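Read off the chains here:
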Amino acid sequence: MQLAARTTQVPPSITLAISAKAKAMKAEGIDVCSFSAGEPDFDTPEHIREAAKKALDEGKTRYGPAAGELKLREAIAAKLYKHNRLNYQPENVMVANGGKQSLFNLMLALIESGDEVIIPAPYWLSYPEMVKLAGGVPKIVSTEAANGYKIAPEQLRQAITPKTKLFIFNSPSNPTGAVYTPAEVRALAAAIAETDLLVVADEIYENILYDGAEHLSLGAASPDVFERTLTSNGFAKSYAMTGWRVGYLAGPLELIKAASKIQSHSTSNVCTFAQYGAIAALEGPQEPVREMVAAFTQRRSAILERIGAIAGLSCPIPQGAFYVFVDISVTGLSSLEFCNQLLDSQQVAAVPGIAFGDNRCIRLSYATDLTVIEKGMARLEQFVSSCG
Ligand SMILES: Cc1ncc(COP(=O)(O)O)c(C=O)c1O
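A brief structural summary. Owing to the predicted nature of the structure, the values given are computational and were not obtained by experimental measurement.

1. Looking at the overall build of the protein chain
- Scanning the protein chain from terminus to terminus reveals 14 helices and 12 strands.
- Buried positions account for 53% of the 388 residues belonging to the protein chain.
- Side-chain charges in the protein chain split into 35 positive and 40 negative, and the spacing between the mean points of these groups amounts to 4 Å.

If you want it as structure tokens, here you go:
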């Protein structure tokens, strides 16, 4: 069969492959410790579930506007104003099937063949693939552990060419947990303001912060940059709603309209009653978010303590999200070899850094309970010592 060339341009998702292998082993009754999940292990808070059930019972079961229910877009605009100091109207907001679809629609709406998109590495693994699927060229800019895996304004300036269309900025970061300080965000904003670059700020982990870290939305750094910023966010990580598939994109009207038009011909609209759950998430009590962050804080301390005790392993201390990005190069193994051998020999699932553009590291998600962390890290320690 002659498949379209674009199917060969993107690899299958390595994270999904490792998770699937770990799940299959679990199903066989094998005691697997999984650090591969990219999602909170909590249930969606009750008031959110109740709001969706009520909407379902009230008959909110039909097609809705492609860009999202007006009530939800109003709630999102209000949240962005209050929480992020971003002044968007509801028509500047598109609701999509997760942050993933928001970003995908954006690429299709913006990128033309040969356009370059700057992506700092380590990156969320779907960014380069989305760019390629839209016909663009990912321009990967490597960052180092010594700088907390953050791109410096000078690196950004140097990566810009006449073909550059977009810069993808993700803070807090998946996979490194890096959080740019407000001063660092402003410094990047100043570099962006010197150019005509568009930026998408992926803020999906904005509520998961530690040690007093502060999140400043890139679009709030200066009025100039606001005009050229798209803000991508969603409900998956903050409200434990990964399976609901609700995310959103806010930005200049022309671009939001174009992205919504694309959505109207692909998925029509996000599940209508799920959007009512999302309204409850924004307008209801935020206590469940604080409880989740408190649990992540404890788990983060536990996992960092164990990593610190394993000779040769190191990672910058993550300030956000629920991942640690650990340098395993001391073992002499590639990240894929490391993860495959770790799963086969110790039944511990981790994600190879190569998936995120850094083959020296692995990503461990601590969105799992403390007993799994203790047991899994003891096994990891054994594995690393066996490599020596
Ligand atoms: C950095 C980042 N952006 C966006 C997403 C997409 O999230 P969703 O499509 O579930 O809203 C993820 C999910 O893992 C992510 O880690």
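2. Re the sheet that holds strand β2 (residues 93–96)
- Taken in spatial order, the seven strands of this open sheet run β2-β8-β7-β6-β5-β3-β4, and their pairing is mixed. Two strands in the sheet have a free side with no partner beyond their single neighbour: β2 and β4 (137–142). Between one strand and the next, the sheet's axes are offset by a mean angle of 20°, whatever the strand orientation.
- Both strand β3 (residues 116–121) and strand β5 (residues 164–170) contribute to a ladder of three bridges, which runs parallel.

3. Some words on the site of the ligand
- Surrounding the ligand, one finds 13 residues, the nearest of these being G99, N174, D202, K237 and R245.
- One nitrogen or oxygen atom from the side chain of K237 is found 2.7 Å from an oxygen atom belonging to the ligand.
- R245 places a side-chain nitrogen or oxygen 2.8 Å from an oxygen atom of the ligand.
- When the ligand sits alone it has 390 Å² of accessible area, and the protein chains cover 92% of it.
- It is helix α5 (residues 98–110) that contributes the most residues to the shell around the ligand, three residues altogether.
- Looking at the shell around the ligand residue by residue, the classes come out as five nonpolar, four polar and four charged.

4. Some details on the nonpolar core
- Of all hydrophobic cores here, the largest spans 70 residues; its most connected members are F235, F338 and L364.
- With eight residues, helix α12 (residues 287–308) is the single largest residue contributor to this core.
- Setting aside residues no more than four positions away along its own chain, F235 makes contact with L72, A240, M241, V246, Y248, A278, A281 and L282.
- Counting 32 residues, the second-largest nonpolar core is a separate cluster that includes Y123, M130, L249 and A355.

5. Considerations on the packing of helix α4 (residues 70–84) against helix α11 (residues 272–283)
- As a packed pair, α4 and α11 sit with axes 9 Å apart at the nearest point and diverge in direction by 25°. Between α4 and α11, the angle falls in the class roughly parallel. Relative to α11, the crossing made by α4 is left-handed. Contacts between α4 and α11 involve K71, L72, A75, I76 and K79 from the first element and Q275, Y276, A278, I279, L282 and E283 from the second.
- Grouping the amino acids of the contact of α4 with α11 by side-chain chemistry returns seven nonpolar, one polar and three charged.

6. Section: helix α6 (residues 126–133)
- Of all eight residues making up α6, six are buried, and the element is well covered by its neighbours.
- Every buried residue belonging to α6 is among S126, Y127, P128, E129, M130 and V131, and all of these are buried.
- Looking at the buried positions of α6, the neighbouring elements they touch are α1 (6–9), α5, β3, β4, β5 and β6 (198–202).
- Within two residues after α6, G135 carries a phi angle of roughly 95°, on the positive side.

7. Side note on the packing of aromatic side chains
- On inspection of all chains with the given rule, the structure shows 15 aromatic pairs.
- Between F169 and Y180, the aromatic rings sit 4.7 Å apart at their centres with planes inclined by 65°, giving edge-to-face as the arrangement. Of this pair, F169 sits in strand β5 while Y180 sits in the loop between β5 and α8 (182–193), and the two are 11 residues apart along the sequence.
- Aromatic ring contacts, followed pair by pair, group F42, Y205, F296, F322 and Y323 into a single cluster.
- Its guanidinium or amino end placed over the ring of Y276, K60 lies 4.9 Å from that ring's centre, counting from NZ or CZ.
- Taking the ring centre of Y180 as reference, the NZ or CZ of K150 above it sits at 5.8 Å.

8. Looking at the sheet that holds strand β9 (residues 323–327)
- Taken in spatial order, the three strands of this open sheet run β9-β12-β11, and their pairing is antiparallel. Of all strands in the sheet, those bounded by a partner on one side alone are β9 and β11 (351–352).
- With two bridges joining them, β11 and strand β12 (residues 361–365) adopt antiparallel strand pairing. The partner of P352 across the bridge, within β12, is I362.

9. Here's the deal with the pairing of strand β8 (residues 247–250)
- Side chains of β8 alternate between two faces, with G247 and L249 and Y248 and A250 buried alike.
- Here four bridges tie β2 to β8, and the two strands are oriented antiparallel to one another. Note on β8: the bridge partner recorded for V93 is A250.
- Sheet topology note: the strand β7 (residues 229–234)/β8 ladder contains four bridges and is antiparallel. Bridge pairing in β8 places G234 opposite G247.

Calculation notes
Residues numbered from 1 in each chain as written. Predicted model: local features only at pLDDT ≥ 70, side-chain atom pairs only at ≥ 80, totals over all residues. Heavy atoms only, no water. Helix = DSSP H or I, 4+ residues; strand = E, 2+ residues; numbered from the N terminus. Buried < 20%, exposed > 50% of the residue type's maximum accessible area, 1.4 Å probe, protein only. Lys, Arg positive; Asp, Glu negative; His and termini not counted. Charge placed at Lys NZ, Arg CZ, Asp CG, Glu CD. Pairing = 2+ DSSP bridges. Axes fitted to C-alpha atoms, helices over the stretch in contact; angles between N-to-C directions. Near = heavy atom within 4 Å. Polar contact = N/O pair within 3.5 Å; in protein donor to acceptor, adjacent residues only side chain to side chain. Areas by Shrake-Rupley, 256 points an atom, 1.4 Å probe, with all protein chains shown as cover. Nonpolar A, V, L, I, M, F, W, Y, C, P; charged D, E, K, R; others polar. Core = buried A, V, L, I, M, F, W, Y, C linked by side-chain atoms within 4.5 Å. Contact = heavy atoms within 4.5 Å. Parallel < 35°, antiparallel > 145°, perpendicular 65-115°, else oblique. Left-handed = near helix turned anticlockwise from the far one by under 90°. Phe/Tyr/Trp six-rings, centres within 6.5 Å; stacked < 30°, edge-to-face > 60°. Lys NZ or Arg CZ within 6 Å of the ring centre and 35° of its normal.

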